[in-house]
Every structure is written in C-alpha cells, then in structure tokens.
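Examining the three-dimensional arrangement
What follows is the residue order along each chain.
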Amino acid sequence: MSNRFFNILIPGIFIPLVLGSVYNYSQYAKNIMEAFDITKFSADIGFTLIIFFLGTGAAFFGRFVEMFPKRMAVVSTILFAIGVLLLSFATYTGFLPLYYIGCSFMGTGTGIGYTSPIKQLLSLSQNHKGFFSGLSICGFGLGKFVAAPMIERLLANFTLPAVFLLMGLIFSTVMSFSSWLYKPNPAYISTKYTAIPYKTLIKAKFLTKEYISIWFMFFINITCGLALISQEKMLFQNAGYTAIAVLMAATAIANVGGRFGMSTASDYIGRKGSYNIICTVGILGAFLCYTQNPVLLVGGILFCEFAYGGNFSVLPSLLAKQFGDSCLSTVHSMTLSGWGLAGITSVILANTFTGNTLYLILACLYLIGFLGFTICVRRQERFCRYEQGHSR
C-alpha cells in the first residue's frame, strides 16, 4: 500500500513512453521503402495498420483490461515485442506481408498497453484525476521524442533488420520491468461479479447521446489532427522555412503542452470546459492555416497540435465524470476505436484534399464535433444513475 505511487505511477508512465515510439515511423519510412522496394503509399499502409489495430485492439480487449490490468500489461509487452521483432525478420527476408503482420501486432499491443494503467492512475487521487491521467498520456506523447535520437543513432550504425532487433530488445526490457513493477490497486479492479454486464453497458452508456457525441467529437478531432500532422514537414517546407528541426520540436512542445496542460486544467475548469477550449483551439488553428500566411501557418499548426494532445489527455477523466469509474477501462477502450478509424479516414482526407480546401474542411469538421459535444453532453457532478445504483 505504501508503494502505490511507485507501483502504479512509474509503470503508468514508462509503459506508454515505450509504446509512443510507434509515432517514430517517419524516421525509418524511407528505409522501409528501400528494403521492400515499394512506394511510399505501400509503406504507409504499415503505419495505418498500427493505428487501426491500436484502436480496435483497445476496444476489443477493454473488458480484459478492466478485470486483469497487470496481466494485460504483460500481454501488451509480448504483442508489442513480437511486432517489432517481426519487422526485423520481415526486413531481413524482404517478405512484405510479414511487415504488415508485424505492424498489426505492434498496434494491438499498443492499444492494450495504452489503456492498461489509465484507470489505476486515476485511483491515485479523487481531486486530481486529470493530472494523473495526463501523466500517462503525456508519457505516450513524449515517447516519440525520447526514442528519436536513439533510432537515429541506430540507423546510422546498423542495418534496418538489426535496428528493429535492437529496438525490440530495448523496448521489451523496459516494458517487462514496468509490467513486473506494476501492482494495480485491487479496489479499482473489476471482477466477473462486480463488472457491469455488457448488455447494461450498451444500453446505459454506449447508446446514450452523451457517449455517441463524445465518441464522434473524439473521432473528428483525431481525424483532423492526423490529417494535418502527417503533412507538417511538407507544409513548413512549402512555406519557405528551413529550420525544420526547430519547428518540429515546437510542434512536439505544443502537443505535450496540450496533453499535460489541458488534463491538469480540467481539474479546475471542468472536463467539458476543457473540451470547449480544445475544440475552439482546433477551429482557430485550421482557420490560421487557411490564411496561407507563413507566420500564421506555424501558429495554426501549433494550435492543432495543442488540440490534438489535449483531446487525448482529457478523455479518460471526462469519461470517468460522465459514466463513472467502475467501467472506465471498458468505456475508454471502446472510445479509442475512434482513434483506429481516424487512422484510415485521416489518410483518405489528406490525400484527397490539399491546401485551403483541406483547411476549410478541417475547420468545418472541428466545428461540427464541437457543436454536437456542446449540445448533447451535460455537465455531470455525479456518476450516471446506473452507476449510483450499482454501487449501493
């Protein structure tokens, strides 16, 4: 009991930190193209599979995370390690289907591990749930930037199969130690006797206008964010900027600032109030990009990065406020299915529309999600009615 912070907080940060390295894909995308002699589109299918299986894996295994958080952290470690090692073997043999299979394993492991510590971190404080959930999700956002120099160094000194092999060994070691250290709070673990039945969840949670509007708003925000983030480097270059590394670092700061800043602020201004700010920042960001002014373009991208990060970090505490703690892992995991779907729709959106047309569409989508969320989601001072009755 005295080590609860140590046995929950440390694993809750380091497991997502490793999993966040999936966003380092762009660093070795060109190497993937050369290894298999394929186009960029064919290589990008791998990243799309990672995001898709991240969302669907989280949704499918959410109930298991609710009941067996430590066990599922171990499963996440195994699946993620297998995925990275399959990438090593695929690039060594030149067998493209195996590369796609490896990406699918990585995505599924990421989805499970991403959700596993969230509910347990919320158990550390009743008054600062946003802050503690923000630590985990901020860790996922930081993973890309912690892994970036390591991956660059490996790529400069080893072949691509060796790089993936070494990454798999390093990542599995960190995740294995974190999973061993992870000791969830028993009071926040559901059992087959205390877990809310699926039929009741569907009727009392998933089919309510509040949940549907939250899911839709989350899906729209991630779609818009990914559609813009995937083109950041090209947008900066087209605007005439040369200090790309500095600008990319600035976007990283904006993303992490949105994750940690908005999740912490939500403890004081409320979850719905935080999302009102997040959606408004996203709308403003899209319109700033629409101006095509180089300076305003940078500001617009930073705004969208801030909104993208904040969207992830406030979600768990918002769902806990609206639907209660007892089924949070299941509800949160199901909501992440929007992330998986956004991984596909954002690619279609970004490759179908360009320039001002894309920015205008993004602004309209942000606005639609914002209006639906504002109209349909009420402020909740208590858990839902079923939650109260179930806890008696």
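Here's a quick rundown of the structure. (Residues numbered from 1 in each chain as written. Predicted model: local features only at pLDDT ≥ 70, side-chain atom pairs only at ≥ 80, totals over all residues. Heavy atoms only, no water.)

**Thoughts on the overall build of the chain**
- If you tally the helices and strands in the chain, you get 18 helices and 0 strands.
- Relative to a compact globule of 392 residues, whose C-alpha radius of gyration would be 21 Å, the chain shows 20 Å and is just as compact.
- In terms of overall dimensions, the chain has C-alpha extents of about 60 × 45 × 35 Å along its principal axes.
- Here the chain holds 392 residues, and the buried ones make up 56% of them.
- Partitioning the contacts of the chain with sequence separation of at least 6, the portion at a separation of at least 24 is 83%.
- On the chain, roughly 16500 Å² of surface is accessible, and the fraction owed to carbon and sulfur atoms is 70%. (Helix = DSSP H or I, 4+ residues; strand = E, 2+ residues; numbered from the N terminus. Rg over C-alpha atoms; globule rule 2.2 N^0.38 Å. Buried < 20%, exposed > 50% of the residue type's maximum accessible area, 1.4 Å probe, protein only. Contact = heavy atoms within 4.5 Å. Areas by Shrake-Rupley, 256 points an atom, 1.4 Å probe, with all protein chains shown as cover.)

**Brief notes about unusual backbone geometry**
- Phi at aspartate 37 is positive, roughly 55 degrees, even though this residue is not glycine.
- Structurally, aspartate 37 can be placed in the loop between α2 (25-36) and α3 (40-67).
- Using a relative accessible area of 72% as the deciding quantity, one classes aspartate 37 as exposed.
- Phi at glutamine 292 is positive, roughly 65 degrees, even though this residue is not glycine.
- Classification of glutamine 292 as partly exposed rests on a relative accessible area of 45%.

**Observations regarding the nonpolar core**
- In this structure, Ile32, Phe80, Tyr99 and Trp339 are the most contacted members of the largest nonpolar core, which totals 97 residues.
- The greatest single-element share of this core, amounting to 13 residues, is contributed by helix α14 (residues 294-323). (Core = buried A, V, L, I, M, F, W, Y, C linked by side-chain atoms within 4.5 Å.)

**Comments concerning the packing of helix α13 (residues 271-290) against α14**
- For the pair α13 and α14, interaxial distance at closest approach is 8 Å and the crossing angle is 160 degrees. Relative to α14, the element α13 lies roughly antiparallel. Crossing of α13 over α14 shows left-handed handedness.
- Its residues assigned to classes, the contact of α13 with α14 comprises 17 nonpolar, 8 polar and 3 charged. (Axes fitted to C-alpha atoms, helices over the stretch in contact; angles between N-to-C directions. Parallel < 35°, antiparallel > 145°, perpendicular 65-115°, else oblique. Left-handed = near helix turned anticlockwise from the far one by under 90°. Nonpolar A, V, L, I, M, F, W, Y, C, P; charged D, E, K, R; others polar.)

**Regarding the pattern of salt bridges**
- One pass over the structure, following the stated rule, counts 1 salt bridge.
- For aspartate 267, the salt bridge identified is with arginine 271, shortest N-O distance 2.9 Å. (Salt bridge = Lys/Arg side-chain N within 4 Å of Asp/Glu carboxyl O.)

**Focus on the environment of cysteine 279**
- Relative to the helices and strands, cysteine 279 is located in helix α13.
- Taking C-alpha positions, cysteine 279 is 9.4 Å from cysteine 304, a pair spaced 25 residues apart along the chain.
- Every residue in contact with cysteine 279, bar those within four places of it in the chain, is listed here: Met217, Asn221 and Phe370.

**Observations regarding α13**
- In this model α13 runs 29 Å from its N-terminal to its C-terminal C-alpha over 20 residues, within 8% of the 28 Å that 1.5 Å per residue would give.
- Backbone geometry just downstream of α13 places glutamine 292 in the positive-phi region, at approximately 65 degrees. (Expected span 1.5 Å × (residues − 1).)

**Things to note about a nonpolar patch on the surface**
- A surface patch of nonpolar side chains, about 380 Å² in accessible area, is lined by Val74, Ile78, Ile82, Ile101 and Phe105.
- Sorting the residues of the nonpolar patch by element identifies α4 (69-93) and α5 (96-115) as the ones contributing at least two each.
- Per-element accounting of the nonpolar patch gives the leading share, 3 residues, to α4.
- Residue position: isoleucine 101 is located in helix α5. (Patch = residues over 30% accessible without salt bridge, like charges linked within 9 Å, V, L, I, M, F, W, Y side chains within 5 Å.)

**Describing the packing of helix α15 (residues 328-335) against helix α16 (residues 337-352)**
- One way to put it is that α15 packs onto α16 with a least axis distance of 4 Å and a crossing angle of 10 degrees. With respect to each other, α15 and α16 are oriented roughly parallel. Where α15 approaches α16, its residues Ser333, Met334 and Thr335 are matched on the opposing element by Ser337, Gly338 and Trp339.
- Split into classes, the residues belonging to the contact of α15 with α16 amount to 2 nonpolar, 4 polar and no charged.

**A look at the side chain of serine 274**
- In this structure, serine 274 sits in helix α13.
- When residues no more than four places from it in sequence are discounted, the contact partners of serine 274 are Met262, Ala265, Ser266, Ile269 and Val314.

**Quick notes on the environment of phenylalanine 218**
- On the secondary structure map, phenylalanine 218 appears in helix α10 (residues 209-229).
- The buried category is assigned to phenylalanine 218, whose relative accessible area is 0%.
- In this structure, the C-alpha to C-alpha distance between phenylalanine 218 and leucine 247, residues 29 residues apart in sequence, is 26 Å.

**Focus on the packing of aromatic side chains**
- One pass over the structure, following the stated rule, counts 21 aromatic pairs.
- Note on phenylalanine 60 and phenylalanine 61: the rings are 5.0 Å apart at their centroids and 80 degrees apart in plane angle, and the pair reads as edge-to-face.
- What makes phenylalanine 60 exposed here is its relative accessible area of 58%.
- With a centroid separation of 5.8 Å and an interplanar angle of 80 degrees, the aromatic rings of phenylalanine 140 and tryptophan 339 are classed as edge-to-face. Taken together, the residues span a long stretch of sequence, with phenylalanine 140 in helix α7 (residues 129-157) and tryptophan 339 in helix α16 at a distance of 199 residues. For the pair shown, phenylalanine 140 and tryptophan 339 are each scored as buried.
- Here the aromatic cluster, defined as three or more aromatic residues joined through ring pairs, consists of Tyr114, Phe140, Phe218, Tyr308, Phe312 and Trp339.
- The side chain of arginine 71 reaches across the aromatic face of phenylalanine 68, ending 4.6 Å from its centre. (Phe/Tyr/Trp six-rings, centres within 6.5 Å; stacked < 30°, edge-to-face > 60°. Lys NZ or Arg CZ within 6 Å of the ring centre and 35° of its normal.)

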